[in-house]
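Remarks on the overall topology
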Amino acid sequence: DARNFEKGRAGEMWVESVLAKILPGGFIREAICLHPYGDPHGEGHIDIEYPTDNLLIEVKTTSEEKAAYGLPVAAHVTQMQSYLHFHRDAAGRQYEHGGILYLILRRHGIHPAWYPVNRVPDAGNAIEALMHNLWHDHVLRGTVPFVSQAAHPKAFPCSWDSKDTDGKTIAHPCEYWGHCWSEGDLDGAFADASANA
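Residues numbered from 1 in each chain as written. Predicted model: local features only at pLDDT ≥ 70, side-chain atom pairs only at ≥ 80, totals over all residues. Heavy atoms only, no water.

1. So, a nonpolar patch on the surface
- Judged by side-chain polarity, Trp14, Val18 and Ile22 come together as a nonpolar surface patch covering roughly 290 Å² of accessible area.
- Here Ile22 shows up in helix α1 (residues 2–22).
- For Ile22, a relative accessible area of 55% translates into the label exposed. (Patch = residues over 30% accessible without salt bridge, like charges linked within 9 Å, V, L, I, M, F, W, Y side chains within 5 Å. Areas by Shrake-Rupley, 256 points an atom, 1.4 Å probe, with all protein chains shown as cover. Salt bridge = Lys/Arg side-chain N within 4 Å of Asp/Glu carboxyl O. Helix = DSSP H or I, 4+ residues; strand = E, 2+ residues; numbered from the N terminus. Buried < 20%, exposed > 50% of the residue type's maximum accessible area, 1.4 Å probe, protein only.)

2. With respect to the packing of aromatic side chains
- Taken as a whole and judged by the stated rule, the model has one aromatic pair.
- Taking 5.7 Å as the distance between ring centres and 80° as the angle between the ring planes, the aromatic pair formed by Tyr102 and Tyr115 counts as edge-to-face. Remark: Tyr115 occurs in strand β5 (residues 109–118) and Tyr102 occurs in strand β4 (residues 97–106); sequence separation between them is 13 residues.
- Residue Tyr115 is classed as partly exposed on the basis of its relative accessible area of 25%. (Phe/Tyr/Trp six-rings, centres within 6.5 Å; stacked < 30°, edge-to-face > 60°.)

3. Examining the confidence of the model for the protein
- Confidence in the prediction of the protein, expressed as mean pLDDT, is 80, and 82% of residues score 70 or more.
- The lowest-confidence element of the protein is helix α6 (residues 183–195), averaging 49 in pLDDT; the highest-confidence one is helix α3 (residues 74–86), averaging 93.
- For the stretch residues 188–197, pLDDT sits under 50, and the model shows five contacts to residues farther than four places along the chain or on other chains. (pLDDT = per-residue confidence, 0-100. Contact = heavy atoms within 4.5 Å.)

Put into structure tokens, the structure is as follows:
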């Protein structure tokens, strides 16, 4: 959501201001990482690229409560592995080292936590194979091989509801919900739900 995005962006800007003072040779912020799976290509945005030390950095802001579930988050490591696999420096070489800098928001300040991520060629190849299959099977052919025929637009794993602290219902659609369903599917879903009530 927008609030989390703004907190994350503020954290990135703070880290960038500190790094600008201590990293000789400068760095590139919001470096674009291209990959071949998109139209005409796909891209990611690396928070900080530091060519002098052959290093890529992702900055993540999280709460103390979420950090208690364990860091680094697997999806963040996969994201960094994909950057290490696809991104090249000015001479065309792959980056060997990256890291995830978590800014853990605590009641009495920010606690930084650093997790190094080194390039693992097998992990990068597996990510590329997955991206290739998703692009070719899901996008180009229009199929969704990993969603069951029994899937429903208002049921897990496609969507689920929870309650906030005020007791209001909050919908949580899968981040890929729009690839599989449309708003028209919801009309039928609500009709199905009321018929079964």
